[in-house]
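Geometric and topological summary
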Amino acid sequence: MIKQLKNERGSQAIEFVAVLPLFSLMIIIVWQFALASTAKVTAEAAAMDGARMAIVSDDRGDVEKAVSKVAHQYEHTVSLSDEGDDYVTVQVTIQVPLLDQDALFDTTGLSLPVSAEVSLRKEQPH
């Protein structure tokens, strides 16, 4: 009986099985932060391009096209506000899918909104 208690055969396999889910969860969390960070950079670039278009064009469709060129791989919304005659503000909200639904699981509907807002001064006619 004492000999069996001192036998450590298989203990490494049990430790591996115990640690594997925690390690997998850590990898998934790091991956999700990487996806959200990439989406934040994309939202900022899309808002900047949309604001640049808005200062030279009064057509909302042109602004949405400029945003879509940058953020085409994400589901996104564009909010355009005209602050008087001087400034224009473009806000872009991107929906980042949680757990990258195409690669891992079918998690339809689970997403993290990431947004960016840019205000620029309109060009004054000469």
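Residues numbered from 1 in each chain as written. Predicted model: local features only at pLDDT ≥ 70, side-chain atom pairs only at ≥ 80, totals over all residues. Heavy atoms only, no water.

1. Some details on the overall build of the chain
Threshold: Comment: elements are numbered from the N terminus, with helices defined as DSSP H or I runs of at least four residues and strands as E runs of at least two. Think of it in three bands: residues with accessible area under 20% of the maximum for their type are buried, residues over 50% are exposed, and the middle band is partly exposed, with areas taken using a 1.4 Å probe on protein chains only. Residues are treated as being in contact if the distance between any of their heavy atoms lies within 4.5 Å. To be clear on the numbers: accessible area is Shrake-Rupley with a 1.4 Å probe, and residue cover counts the displayed protein chains and nothing else.
Scanning the chain from N- to C-terminus turns up three helices and three strands. Counting helices and strands in the order they occur from the N terminus, the chain gives α-α-α-β-β-β. The proportion of buried residues among the 126 residues of the chain is 24%. Partitioning the contacts of the chain with sequence separation of at least 6, the portion at a separation of at least 24 is 57%. Surface accessibility of the chain: about 9200 Å² in total, with carbon and sulfur atoms responsible for 59%.

2. Brief notes about the nonpolar core
Selection criterion: Side-chain atoms within 4.5 Å link the members of a nonpolar core, which is a set of buried Ala, Val, Leu, Ile, Met, Phe, Trp, Tyr and Cys residues.
Counting 20 residues, the largest nonpolar core has Val-90, Val-92 and Ile-94 as the members making the most contacts within it. Every element with two or more residues in this core is listed here: helix 2 (11-56), helix 3 (60-70), strand 2 (87-97) and strand 3 (111-121). It is helix 2 that contributes the most residues to this core, seven residues altogether. Setting aside chain neighbours within four positions, we find Val-92 in contact with Ala-43, Ala-46, Ala-47, Val-67, Thr-77, Val-114, Ser-115 and Ala-116.

3. Concerning helix 2
The condition that has to hold: An expected span of 1.5 Å times one less than the residue number is assigned to each helix. Bend at a given residue is defined as the angle between two axes, one fitted to the seven residues that end at that position and one fitted to the seven that begin there.
Compared with the 68 Å implied by 1.5 Å per residue over 46 residues, the 69 Å span of helix 2 between its first and last C-alpha is a close match. Most pronounced at Val-19, the bend in helix 2 amounts to some 30°, and the proline Pro-21 follows within four residues. Regarding helix 2, the residues found buried are Gln-32, Ala-36, Ala-39, Thr-42, Ala-43, Ala-46, Ala-47, Gly-50, Ala-51, Ala-54 and Ile-55.

4. Here we look at the pattern of salt bridges
Counted only if it meets this: For this document, the term salt bridge refers to a Lys or Arg side-chain nitrogen within 4 Å of an Asp or Glu carboxyl oxygen.
For the coordinates displayed, the defined rule picks out three salt bridges. Close ionic contact of Asp-49 with Arg-52 constitutes a salt bridge, the shortest N to O distance being 3.4 Å. Linking Asp-49 with Arg-52, this pair stays in helix 2, spanning three residues, or about one helical turn. You can call Asp-49 partly exposed: its relative accessible area is 27%. What makes Arg-52 partly exposed here is its relative accessible area of 47%. In this structure, Glu-64 engages Arg-60 in a salt bridge whose closest nitrogen and oxygen atoms are separated by 3.0 Å. Taken together, the residues span about one helical turn, with Glu-64 and Arg-60 both in helix 3 at a distance of four residues.

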